[in-house]
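# Fold and geometry: a report
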Amino acid sequence: MTNLAHLDLGVSGMTCTSCSSRVQRKLNKVDGVTANVNFATETAAIDYDPATANPESLIEVVRGAGYNAFTMGDDSSDAEDPEDGSDPTAAARAQESRDLLRRTLISAALSTPVMLVSMLPSLQFDNWQWAAAILATIVYIFGGAPFHKATWANLRHGSFTMDTLISIGTTAAYFWSLYAMFFGTAGQPGMKMHMELMSNHAQMDHIYLESVGMVITFLLLGRWFEVKAKGQSSEALRTLLGMGAKDATLLVDGAEKRVPITQLQVGDVFVVRPGEKIATDGVVEAGASAVDESMLTGESMPVEVKAGDHVTGATLNSAGRLEVRATKVGADTTLAQMAKLVTDAQASKAPVQRLVDKIAQVFVPVVIIIAALTLLAHLIFGDGVAPAFIAAVAVLIIACPCAMGLATPTAILVGTGRGAQLGLLIKGPEVLESTKKVDTIVMDKTGTITEGKMTVARVHLAQQMGGSTAESRLLLLAAAVEAGSEHPIAKAIVSAAQDLPQAGRIEPASDFHSVAGQGVEGTVDGHRVRVGRIEGEQAARGELAATFQAAEAEGATPVAVYVDDTLAGIIDVRDTVKPTSAAAVAKLRELGLTPHLLTGDNEGAARAVAKAVGIANADVTAGVLPSGKVAVIRHLQEEGKTVAMVGDGVNDAAALAQADLGLAMGAGTDVAIEASDITLMNSDLRSAADAIRLSRRTLRIIKGNLFWAFAYNVLLIPVAALGLLNPLFAGIAMAFSSVFVVSNSLRLRNFQSS
């Protein structure tokens, strides 16, 4: 099988989704090319066979379709900082914005007096219509140039776009007005005219130059708002990309050297001082500090790191000096992968958007046919040439479905961008529709609901170990023996002992060795100490038997401590539930989801955790292998449920892929993240609820936008066809519908975590 290459192009000059669809069709006609062109992001994501295509030829295909294209992320562009204008997409959008604003202001300045003199008979001097014609001609040619050029380019390629409707409508109104002035009575000195909502003039004494000027002005204004809004919509992604450090302090043979971030290599050791950003992903070699990861995870609480801990590039070192060995650089870093996930999500199309694109392909020619039928119908019923022509013009203008084309991409753009700011990475627009359908959420236990590491919950003493400091003494004895072990339980005991107020440096026991199936033992302060399983009959009876059995029933791991062959106490070790997990489960229930706990741990541990967070015993499945997790999810799906899965480990990857919606904890493994649909960049289960809320709200915004766009066209096209709508008001309504859709989408920027 041929290995496909990937290319991301920026595409400028597109004015609506019909344009993006045409560019996409042209690219997909090339052998070995699969392209997806997004109007909102002004990008083309292309997979191509290097044997049949190359970047230069693909750019020429786009240019041949009447648009400009440039390579995204080209090194020659040095697109490090979008704020300095070197980012080609931002630069192209800024140039388009400036051009549209200039045309809008000039058109408004010339059209306003034309509108006023046309509306108010008291302002109409002799031959005022000829002065209005001069001003309207400038607006028609200069202000309308973007629409006329796009229409001509599209017609040369045999296609219709929204610009076609605008250009044909304003051209018809403009030349009709000139015709009425030169060959009718509208050009006579002293002609008086007044503005009406409806257009039903049977004589040729009415001109529509004010409609030409104001329609073009309002459409230019609407398009300028759209360009500005698309820039604001992409702001979250630009902010994300701008988080990274620009340079790093490289440590070479003990000497520090400041170098650009691009020169860092895997294995390099760099220094991070307090207040500096960590240059790239790595492992702490020396030092200890608190790292603010809020930029990536949304969590405000700094994370303590020390030698051996992993740190993420772009996070902020809050306290001490760190020496970090780089493990990932460039496109492999967490920040780069986050940006890629967001970009891919914004560049792809939701099923509902693909439907809209198909509708748009037939919409323009259908509207032109409706306009032609409107013209003929009015003429047949004897309404006269003027009202027939103006009704047809109003149909062309009111039908421009720009709002329809913007409904989906702008909402996806803003929603996924806001999610990235909150540490919620939504991989694609299909995910939005999945979140609407899910009714069951399956959660892994370890690392998802629980902390994922063992901690000491309680210390139970035998009677002979009395005294106020006895618990601490027992814990210190056990820690001295366990200090020589790498077992998670051993680490939990040592960590708990180190946290004691009187604890100093814990010296490992002498004569340490492991006893197969029993635990570890060694000599501490002249005492023989063994830590491990409880022996023989003591497991079933004896003074600590009930404690031992209760701990096991609750899912904890009871560890016996023997001092000089006498049972001195039991240390209760367990994986603790995250303090936010119960609230998260409650929020998921509020969203209409039934929580289900799925774990490879024992039944007692699973039920204890389920009880702590509010999950019913009937919704707990314990002791399952990774393949078993997949089987459980498949069984729920066979019962008719739509299942979401939250997990963080390698053993969750298959289940995440099987689920209808997979959510991976960002603190988990790369395999789990790759298999999921949504990545939660922190380890707080409440983020799962936030991700589902954000996705559902984005979907509601999309559907609201589409309803507005379709309802607007369905309602007003017949009104215009009946001659009941002046083209000027049609243009104003059409322009503001686009602004409404974009503004409605921008409300997603206010979404907050619960």
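To start, this report covers the structure provided alongside it. From a predicted model like this one, the values you see are computed outputs, not experimental measurements. (Residues numbered from 1 in each chain as written. Predicted model: local features only at pLDDT ≥ 70, side-chain atom pairs only at ≥ 80, totals over all residues. Heavy atoms only, no water.)

## A look at the nonpolar core
One finds Met443, Ile615, Leu663 and Leu685 to be the most contacted residues of the largest nonpolar core, which totals 47 residues. For this core, the element with the most residues is helix α24 (residues 686-721), which contributes eight residues. Not counting the four nearest positions on each side in its chain, Met443 is found in contact with Ile449, Val585, Leu588, Pro595, His596, Leu597, Leu598, Ile615, Val646 and Leu685. Formed by 36 residues, the second largest nonpolar core is a distinct cluster that contains Ala133, Ala180, Ile216 and Leu220. (Core = buried A, V, L, I, M, F, W, Y, C linked by side-chain atoms within 4.5 Å. Buried < 20%, exposed > 50% of the residue type's maximum accessible area, 1.4 Å probe, protein only. Helix = DSSP H or I, 4+ residues; strand = E, 2+ residues; numbered from the N terminus. Contact = heavy atoms within 4.5 Å.)

## Focus on the packing of aromatic side chains
If you walk through the whole model with that rule in mind, you get eight aromatic pairs. Look at Tyr140 and Tyr174: their rings are 4.5 Å apart centre to centre, the planes differ by 10°, and that puts the pair in the stacked class. One end of the pair, Tyr140, is in helix α4 (residues 128-143); the other, Tyr174, is in helix α6 (residues 162-183), with 34 residues separating them in the sequence. No difference in accessibility class separates Tyr140 from Tyr174, as the two residues are buried. An angle of 40° between the planes, with centres 5.2 Å apart, marks the rings of Tyr179 and Phe183 as tilted. Here the residue Tyr179 and the residue Phe183 both occupy positions in helix α6, the gap between them amounting to four residues, near one helical turn. Look at Phe183 and you get exposed, because its relative accessible area is 65%. (Phe/Tyr/Trp six-rings, centres within 6.5 Å; stacked < 30°, edge-to-face > 60°.)

## Notes on a nonpolar patch on the surface
Residues Ile369, Leu373, Leu376, Leu379, Ile380, Phe381 and Val385 make up a contiguous nonpolar surface patch of about 750 Å² in total accessible area. Take the nonpolar patch: its biggest share by element is five residues, from helix α11 (residues 351-380). Residue placement: Phe381 occurs in the loop between α11 and α12 (385-398). For Phe381, a relative accessible area of 67% gives the class exposed. (Patch = residues over 30% accessible without salt bridge, like charges linked within 9 Å, V, L, I, M, F, W, Y side chains within 5 Å. Areas by Shrake-Rupley, 256 points an atom, 1.4 Å probe, with all protein chains shown as cover. Salt bridge = Lys/Arg side-chain N within 4 Å of Asp/Glu carboxyl O.)

## Observations regarding the environment of Ala556
Examined against the element boundaries, Ala556 turns out to sit in the loop between α18 (545-553) and β20 (557-563). In this structure, the C-alpha to C-alpha distance between Ala556 and Asp572, residues 16 residues apart in sequence, is 6.5 Å. With sequence-adjacent residues up to four places away left out, Ala556 is seen in contact with Ala551, Asp572, Val573 and Arg574.

## Some remarks on the packing of helix α16 (residues 470-482) against helix α17 (residues 488-498)
Their axes nearest at 8 Å, the elements α16 and α17 cross at an angle of 130°. With respect to α17, the axis of α16 lies oblique. Read as a crossing pair, α16 and α17 show a hand that is left-handed. Where α16 approaches α17, its residues Leu475, Leu476, Ala478, Ala479 and Glu482 are matched on the opposing element by Ala490, Ile493, Val494, Ala496 and Ala497. Each residue belonging to the contact of α16 with α17 can be placed in one class, and the counts come to nine nonpolar, no polar and one charged. (Axes fitted to C-alpha atoms, helices over the stretch in contact; angles between N-to-C directions. Parallel < 35°, antiparallel > 145°, perpendicular 65-115°, else oblique. Left-handed = near helix turned anticlockwise from the far one by under 90°. Nonpolar A, V, L, I, M, F, W, Y, C, P; charged D, E, K, R; others polar.)

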